[in-house]
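# Architecture at a glance
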Amino acid sequence: MTFTGAEQAAMRRALELAATPGVPLGPNPRVGCVLLDDEGRTVAEGHHRGAGTAHAEADALARAGDQARGTTAVVTLEPCNHTGRTGPCAQALVGAGVRRVVFARPDPNPEAAGGAATLVAAGIDVGHGLLAEEAARLNRFWTFGLTHGRPFVTWKFASTLDGRSAAADGTSRWVSSPAARRDTHRLRATCDVMLVGTNTIAVDDPLLTVRDDHDRPREHQPLRAVMGERDLDPGRRVFNADADTVHLRTRDPEAALADLFDRGRRHVFLEGGPTLAAAFVRAGLVDEIVAYVAPMLLGAGRGAVADLGITTIADALRPRVTDITVLEGEEPNVRLTLAPGKD
C-alpha cells in the first residue's frame, strides 16, 4: 500500500502525540491523530488522554471544526466502531466529511474493531499498515493485557557478580551504581504499577516513587502496590502523599495481578525481594527480566531470588537475552534485559 510523504510524516507526528508524557498507560490504548488538507498541511492534531476523555480522532475533529471536511485523518490505531464512554470514532469521521483515513494497525479489541469497514461502506478511502510496528510497540502492554487478561510483569533486580542482592548482614545500599539507579527510575516511569512485598516495606521503608536525576519526584507517578497479608505501620513512607498506594492483602500472584488489572493497570514493575520474585517466577507470571549486575563479589548474603524448586541443572530456567547495555560511570553496571523462556 502506497502512502504519501505527508502521510508518513503525519503518522510519525501522531505517534509522538500518542506518547505524550502523563497520559495513563491503561486501560485504554494510546492513540494520536493528525488531520491533513489536500496539500499535505496539518489542519489539526489530537490525542487520547485516558479513559473517559475524547478519543484522538474526536479531539482532532473538535479542534478542526468545519475545516475537517475533505481532510485525510492519519491515526495510529484503527478508528473504533463501538459506543463506550464516548461515541464511535468511525462514525465521527464519516459525519465530519473526512475524505481519507490512514491508520497504522487494526484494533485488536473485538469490541471496538470494524471501524475500517464502516469507513469503506461510507465511501471513505482507507489505507492501513503505515508504521504498524512502531504503533504496536507504543501499545505493547495494552495489547498484552487485552490478550492475556492481566498486566504485563517486568521483574527488576540488582545483584553482584555472584548473584547476591544484599550482604550477609543485610546491607544492600548500594549494590547498584548511581547510573543503574537513574536507569531504574527511567524504567519505573514507563510502568503504571510498582509492586513490592510487605517485608520490603517493613524492613527497607522505600518511597517507591519515580524521581529525576536530582532526586525530585516526577509529576506523574505509578500506583504503589504492596502485596502481603501482614499489617503495616501507616507511618511507612510508601503511604505518604507522593503517590497513590494500595495494599493487596494476598500472597497469590494471580490474585494480585487480577486486582491490579481490574483497577485499569497494564504494566507492573516488580521490585520486591527474593521471596516475592520467586512466587511470580514459579507461577509463570514474569514476562520480562531486567537485571543490573554490579562488578563486585560478596560470597555470602541474600540471593536475588528465593527457592524456585529447581534441584538439577537440567531444569534450570534459561531466559533469552534480548539486550545487554553497559551503564558507564565511576561504577559501571551491566543491564541485562531478558525474556523468560516459554514452553
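Right above here is the structure, for reference.
First, a word on scope: everything that follows refers to the structure included in this document. (Residues numbered from 1 in each chain as written. Predicted model: local features only at pLDDT ≥ 70, side-chain atom pairs only at ≥ 80, totals over all residues. Heavy atoms only, no water.)

## What to know about the layout of surface pockets
Where empty space is left in the structure can be found by rolling a water-sized probe over the atoms. What counts, and what does not: A pocket, in this scheme, is an open set of points on a 1 Å grid over the protein atoms alone with protein on both sides within 12 Å along at least 5 of 7 lines, while a cavity is a set where a 1.4 Å probe fits but cannot get out; residues line either one if an atom lies within 4 Å of a point. Grid points are joined across faces, edges and corners, and a volume is the space filled by probe spheres set on the points. Gly counts as polar in this scheme, as do all residues outside two lists: the nonpolar Ala, Val, Leu, Ile, Met, Phe, Trp, Tyr, Cys and Pro, and the charged Asp, Glu, Lys and Arg. Put simply, DSSP marks the helices as runs of H or I at least four residues long and the strands as runs of E at least two long, and each gets a number from the N terminus on.
The volume enclosed by the largest pocket comes to roughly 1,400 Å³. Every residue lining the largest pocket is counted, 47 residues in all, and those nearest its centre are Lys156, Thr200, Asp204, Pro206 and Glu271. A per-class count over the lining of the largest pocket returns 15 nonpolar, 14 polar and 18 charged. Quantified by volume, the second largest pocket comes out at close to 970 Å³. If you go around the second largest pocket, you meet 35 residues; those closest to its centre are Leu25, Arg30, Ala189, Thr190 and Cys191. For the lining of the second largest pocket, the secondary structure elements donating two or more residues are α5 (132-138), α6 (140-148), α7 (178-188) and β11 (267-270).

## Describing the environment of Arg251
Rule in force here: Relative accessibility under 20% of the residue-type maximum defines a buried residue, over 50% an exposed one, and the middle range a partly exposed one, all with a 1.4 Å probe and only protein chains included. Contacts are assigned to residue pairs with any non-hydrogen atoms lying within 4.5 Å of each other.
The residue Arg251 is located in the loop between β10 (245-248) and α9 (253-262) in this model. According to the relative accessible area criterion, Arg251 is exposed, its value standing at 65%. Sequence separation of Arg251 and Gly228 is 23 residues, and the distance between their C-alpha atoms is 5.2 Å. Among residues more than four places away in sequence, those in contact with Arg251 are Met227 and Glu229.

## Observations concerning the sheet that holds strand β9 (residues 223-227)
Put simply, the rule is: The criterion for strand pairing is that DSSP finds at least two bridges linking the strands in question. Angles shown run from 0 to 180 degrees and are taken between the N-to-C directions of axes, each axis being a line fitted to C-alpha atoms and, for helices, limited to the stretch in contact.
Spatially, 8 strands are ordered β10-β9-β8-β11-β6-β12-β15-β14 in an open sheet, and the strand pairing comes out mixed. Sheet topology places β10 and β14 (320-327) at the edges, where each strand pairs with a single neighbour. Each strand of the sheet is rotated relative to its neighbour by a mean of 20°, with strand direction disregarded. Running over the sheet, α7 touches β6 (152-160), β8 (193-197), β11, β12 (288-294), β14 and β15 (333-339) and is turned about 165° from β12.

## Section: the sheet that holds strand β4 (residues 100-103)
In space, the 5 strands of this open sheet follow the order β2-β1-β3-β4-β5, with mixed pairing throughout. The outermost strands of the open sheet, each flanked by one partner alone, are β2 (42-47) and β5 (125-128). Averaged over all adjacent pairs, the angle separating strand axes in this sheet is 15°, with direction ignored. Bridge count for strand β1 (residues 32-36) against strand β3 (residues 72-75) is 4 bridges, and the pairing is antiparallel. Each bridged residue has a counterpart across the sheet, and for Val34 the counterpart in β3 is Val74. Running at roughly 145° to β1, helix α1 (residues 5-18) makes contact with β1, β2, β3 and β4 of the sheet. Contacts from helix α2 (residues 56-64) reach β1, β2 and β3, with the element oriented near 140° to β2.

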